[in-house]
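What follows is the residue order along each chain.
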Amino acid sequence: MARNTFDTSIEGIKSVWGPLSTEVVAGCRRNVEELLEAPAKEDWLAALHKEGPANEELYRDPKDGFVLLAHTEYAGLYRPPHDHGRGWVIYAIQQGEIEMGTYGRVEDDDGRIRLVKRNSTLVRPGQVQLYLPADIHDTRCISGPALLFRFTERDLKKEDKEGHRVTRYVERGGVWTVGSP
Ligand SMILES: [Fe+2]
């Protein structure tokens, strides 16, 4: 039976999987990019376009724990700076445009934490962005509805709620800093 692009991409990710390394990241990236090439008529993709879910888990690997999610975003949606705990993620744009900014975390002499924006990239259909552990980024949907795939090396909800490893930043007086404990 002919398999669809979704199945072949997941199989491809499984075949390159291992502890975080340049090779594993490159292999996963290649497979996520292939997912973006899927014809719109494939059932799973047609359903996402039709239903436009804000948040849908497409796949969770029972053995290796990686998760693939889909998000539909509307123009103007902003997700403030955050990291992904011990996890690493690949963002992939299927439709629409999302601006992604990256930040460095600096500590002032008085111990105050603040973010410094490094750059900003407009990510278009067919393009992906990778964030490694400790990388900090934000996203803003520029043209929508955007369909975004988020490949996460581990369950980030768990990392956030149980591990308390995910840091979200808040804006105070025009500066991004850590939230109150
Ligand atoms: Fe993120």
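Summarised in this report is the structure supplied together with it. Remember, predicted model here, so these are calculated numbers, not experimental data. (Residues numbered from 1 in each chain as written. Predicted model: local features only at pLDDT ≥ 70, side-chain atom pairs only at ≥ 80, totals over all residues. Heavy atoms only, no water.)

### Thoughts on the pairing of strand β7 (residues 136-152)
Phase 1: In terms of burial, β7 is a largely internal element, 12 of the 17 residues being buried.
Phase 2: One ladder, built from seven bridges, connects strand β2 (residues 67-73) with β7; its direction is antiparallel. Counted as the bridge partner of T72 is L147 from β7.
Phase 3: Note: strand β3 (residues 78-82) against β7, three bridges, orientation antiparallel. Looking at β7, one finds that Y78 is bridged to R140.
Phase 4: Taken together, the 13 bridges between strand β4 (residues 89-107) and β7 define a ladder with antiparallel strand orientation. Residue pairing for β7: E97 is matched across the bridge by S143. (Buried < 20%, exposed > 50% of the residue type's maximum accessible area, 1.4 Å probe, protein only. Helix = DSSP H or I, 4+ residues; strand = E, 2+ residues; numbered from the N terminus. Pairing = 2+ DSSP bridges.)

### Description of the pairing of β4
Phase 1: As defined by bridge partners, β4 adjoins strand β6 (residues 128-131) across four bridges and the pair is classed as antiparallel. Its bridge partner lying in β6, A92 is registered against V128.
Phase 2: As judged from the 10 bridges shared by β4 and strand β5 (residues 113-123), these two strands associate in the antiparallel manner. Bridge pairing in β5 places V106 opposite R114.
Phase 3: Counting the residues that bridge the hairpin from β4 to β5 gives five residues, and of these G111 lies at a positive phi of roughly 90 degrees.

### Topic: the side chain of D160
Phase 1: If you trace the backbone, D160 turns up in helix α4 (residues 156-161).
Phase 2: Its relative accessible area of 15% is what places D160 among the buried residues.
Phase 3: When sequence neighbours within four positions are dropped, the list of residues in contact with D160 reads R165, V166 and R168. (Contact = heavy atoms within 4.5 Å.)

None of the figures reported here should be taken as evidence of function without further support.
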